[in-house]
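Examining the three-dimensional arrangement
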Amino acid sequence: MTCPAKRKLLIDYRNFCNDAAGLGILFRPSDENMMVCEAIIFGPDDTEWESGIFRLQMEFSDDYPIDPPKVRFLTTMFHPNIYADGKICLDILGNAWTRAYGVLTALTSI
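Let me begin by describing the structure that accompanies this report.

About the cut-offs
Residues numbered from 1 in each chain as written. Predicted model: local features only at pLDDT ≥ 70, side-chain atom pairs only at ≥ 80, totals over all residues. Heavy atoms only, no water. Pairing = 2+ DSSP bridges. Helix = DSSP H or I, 4+ residues; strand = E, 2+ residues; numbered from the N terminus. Axes fitted to C-alpha atoms, helices over the stretch in contact; angles between N-to-C directions. Phe/Tyr/Trp six-rings, centres within 6.5 Å; stacked < 30°, edge-to-face > 60°. Buried < 20%, exposed > 50% of the residue type's maximum accessible area, 1.4 Å probe, protein only. 1 Å grid on protein atoms, 1.4 Å probe; cavity = no way out; pocket = protein on both sides within 12 Å on 5 of 7 lines; lining within 4 Å. Points joined across faces, edges and corners; volume = space filled by probe spheres on them. Nonpolar A, V, L, I, M, F, W, Y, C, P; charged D, E, K, R; others polar.

Attention now moves to the sheet that holds strand β3 (residues 53-59). On the basis of which strands lie adjacent, the open sheet formed by four strands has the order β1-β2-β3-β4 and antiparallel pairing. The open sheet terminates on both sides in strands that have one partner only, identified here as β1 (25-29) and β4 (70-73). Ignoring strand direction, the axes of neighbouring strands in this sheet form an average angle of 20 degrees. Bridge count between β3 and β4: four bridges; the pairing is antiparallel. Across the sheet, M58 pairs through a bridge with V71, a residue of β4.

Scanning the entire structure with this criterion turns up five aromatic pairs. For the pair F60 and Y64, a centre-to-centre distance of 4.7 Å together with 70 degrees between the ring planes defines the contact as edge-to-face. Classification of F60 as buried rests on a relative accessible area of 6%. When the ring of Y64 is compared with that of W97, the centres are 6.2 Å apart and the planes differ by 40 degrees; the resulting orientation is tilted.

The next thing to look at is unusual backbone geometry. Between Y64 and P65 the backbone carries a cis peptide bond, its omega angle lying at 15 degrees. With respect to the helices, strands and loops of the structure, P65 is situated in the loop between β3 and β4. In this structure, D46 takes a positive phi of about 60 degrees despite not being glycine. Relative to the assigned elements, D46 resides in the loop between β2 (36-42) and β3. For D46, a relative accessible area of 75% corresponds to the exposed category. Its identity is not glycine, yet S51 carries a phi of approximately 75 degrees, on the positive side. Within the fold, S51 resides in the loop between β2 and β3. In this structure S51 comes out as exposed when scored by relative accessible area, which is 67%.

Let us look at the layout of surface pockets. Approximately 370 Å³ is the volume found for the largest pocket. For the largest pocket, the lining is made up of 19 residues, of which I41, W49, F73, S109 and I110 are closest to its centre. Looking at the lining of the largest pocket, the elements with two or more residues in it are β2 and α2 (103-109). Of all the elements, α2 adds the most residues to the lining of the largest pocket, at three residues. In terms of residue class, the lining of the largest pocket is made up of 15 nonpolar, four polar and no charged.

Without other data, these values stay purely geometric and don't point to any function.
Structure follows, in structure tokens:
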């Protein structure tokens, strides 16, 4: 594996496995393409999303971590920052992204 984006994604996955316990978030690369990943966020207790299960897709380019992943909800959501096609309006997934961020930062921000 020579692609820096894939190396960074593997590091992110390892960090996620070590640090995400108890956050109510699951993350795993697709079996067919590790640059396309699935995530599940479980609705936090004592919120209007409690008991919800929200599926997301994350796509990473060859320029990751310089460029942020493209993230969209697969679960239909009614929220002012989520478009009808599932894309998310969140500054950390756009112009506020830095290469220091990773998968865990993106998912906890969502």
